[in-house]
Amino acid sequence: MIYLSNLLNQKVWDSFGHVVGHVEDILVSHTDQAMPPIDAILLKKSKSDLRLIKGELIATLWPTIALSVDQRELSNYEPHGHELHLKQRVLDQQIVDTEGKRLVRVNDVVIARKNQQFLVTGVDVGMRGLLRRLGLDTAAKFLAKTFNFKLTSQIIAWEDVASIEHDDPLRLKVSQERLVQMEPVDIAAILDDLDHHTSKALLQGFDDEILADTLEQSSFEVQQAVLSAMDPERAADVLEVMDPDEAADLLAELDDERSEQLLSLMEDEDEIEIRQLLAYPENSAGGIMTTEFAWVPAEFNVEQALTHLRTSEEAKEDEFMYYLYILDNDQKLEGVVSLRDLVTAPLEKPLHDWTDDDIVHVEPLTHQNETAYLVAKYDLMAIPVIDPENQKMLGIVTVDDALDTVLPTAWKKRIPRFAGK
C-alpha cells in the first residue's frame, strides 16, 4: 500500500531524472466511487510556484515519484471545481465510518495502483497512521519487534467513508446516501458527537421518514437544532411521521410560540392526537404513552385478525406490535393476545377465548413510576392505558418508555429500543 503521508513533500522526477517539484497535495474527484482515481498532483517548486499535473502522467508513486514524460512535455491539469484535496480536506478531518458506525479522525490516506491508474482505496484512522504522519513509523516497528507486539493499521475502505463537511454539496450528498444505510440509532449516536451546524447539514438530505426515525433516537439538543433550521412546513411533516409520544415530548420542550406554529401546520388528526398527549403531565402514563397500537374487533377469529393486520393501514403504523388488543364497538378493551399466540393458534379459533376480565392496565394519570412497577412486576412489553371515565383504550406505554426515568443511565442503555422507537 502507498500512503499519502509518505508522498507529501517528496521530490517528483520527470522521465529523464529531472526534479520538477515537490508534492504539495493530491487531488481526486468522483468521490462517490468505491476507489476514486487520482486526478492531479499539486507540485510546488517555491512558495509562489505551484502547478497541477495530470494524474495520468504518473509512472510510479513509491518508493520514487516519477512521471512518464519529460518536464518539457508536462501538461497542466485544469480543475473542474469538484476535486477533493486529500491533504487539505481529508487529513486530520473527522469522518463517519459507516461500516463500523463510528466517528473517527483520518490520520492517513491509502492509495493503490490498478493497471495504469492510481486510486484512493481507504483511510487509516489508527495509531499507526498517526505515527507514520509523525515520521515515527520505523521506530514504532522496531519497538514492536523488540517487545513482541503487533503494530497494525486501522484501514476503512473509501466506500465506507462518509464526509461530514457541510460546505461541499456534492460530497455531502454522497455522505447522506451512505449514512441512510445505517440504523437510525447509530446515526443519532454519531450526530450527538457533532456540532449542531454539522448535524443539521447532514440531516437536511434525509427523507422525512428516515429523519423522523433518527430524531427519535437523538438528544433534545440535536432535535431542537435540526427542527429550528427547517422550514416550518417540513418540520411539521417530520413530526407527523414520528411516533406521537416522541413528537409530543419534543414539542413540549420547544417554546410555546414555536410549538403552536408547528402544531397548527400538522394534519388535523395528528394535531388533535398530539395535543391530547401534551395535556397529560410529562411523568404520567398519558404523558409517555403512544396512541399507535394494533387492535381488532372482538368478534374476529384468528384468521380474520391476521388478515386485518396484513391489510389495515392503522395496524401498519404500529411499529411496536408485540401485542394485539381486542376492542369492542365502544373501543373498550376486552382482551390482549401476543403475536406469538396469535400466529400459532388455529385459524378458526375465536379471539374471545383470550378475553380476560382482569387485564393489567393503567390510567392516563397513573404516575410513571407506578407504570414502570407494573410493567416490571408482570413482565410486560407494553401496558394499555384506559380512560377511567368511559373505559376506552387510549394507548399503550412500552417497556422502554416506562422505565426511561426510573433506571440509572447505565442500565437504561441496556434496554433495547424497539423498531420505530
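Residues numbered from 1 in each chain as written. Predicted model: local features only at pLDDT ≥ 70, side-chain atom pairs only at ≥ 80, totals over all residues. Heavy atoms only, no water.

## Some thoughts on the environment of proline 346
You can see proline 346 is positioned in the loop between helix 17 (339–344) and helix 18 (368–377). You can call proline 346 partly exposed: its relative accessible area is 43%. When the C-alpha positions of proline 346 and valine 302 are compared, they lie 7.0 Å apart, and in sequence the two are 44 residues distant. (Helix = DSSP H or I, 4+ residues; strand = E, 2+ residues; numbered from the N terminus. Buried < 20%, exposed > 50% of the residue type's maximum accessible area, 1.4 Å probe, protein only.)

## Focus on the layout of surface pockets
Each pocket or cavity is described by its volume, and for the second largest pocket that value is around 810 Å³. Around the second largest pocket sit 32 residues that line it, and Pro244, Glu273, Thr291, Glu292 and Glu317 are the ones nearest its centre. Mapped onto the lining of the second largest pocket, the elements with two or more residues apiece are helix 8 (208–217), helix 10 (232–241), helix 13 (268–278) and strand 19 (393–398). Here the lining of the second largest pocket takes 7 residues from helix 13, the largest share from any one element. Tallied by class, residues from the lining of the second largest pocket come to 15 nonpolar, 4 polar and 13 charged. (1 Å grid on protein atoms, 1.4 Å probe; cavity = no way out; pocket = protein on both sides within 12 Å on 5 of 7 lines; lining within 4 Å. Points joined across faces, edges and corners; volume = space filled by probe spheres on them. Nonpolar A, V, L, I, M, F, W, Y, C, P; charged D, E, K, R; others polar.)

## Section: the nonpolar core
Membership of the largest hydrophobic core comes to 62 residues, with the highest contact counts inside it found for Leu211, Leu239, Tyr325, Met393 and Val397. The contact partners of leucine 239, leaving out residues within four places of it in the chain, are Leu227, Ala247, Leu250, Leu251, Leu262 and Met266. (Core = buried A, V, L, I, M, F, W, Y, C linked by side-chain atoms within 4.5 Å. Contact = heavy atoms within 4.5 Å.)

## Notes on the environment of serine 312
Structurally, the position occupied by serine 312 is in the loop between helix 15 (302–311) and helix 16 (313–316). Of the residues examined, serine 312 reaches a relative accessible area of 12% and is grouped as buried. Taking the C-alpha atoms as reference, serine 312 lies 10.0 Å from tryptophan 295; in sequence the two are 17 residues apart.

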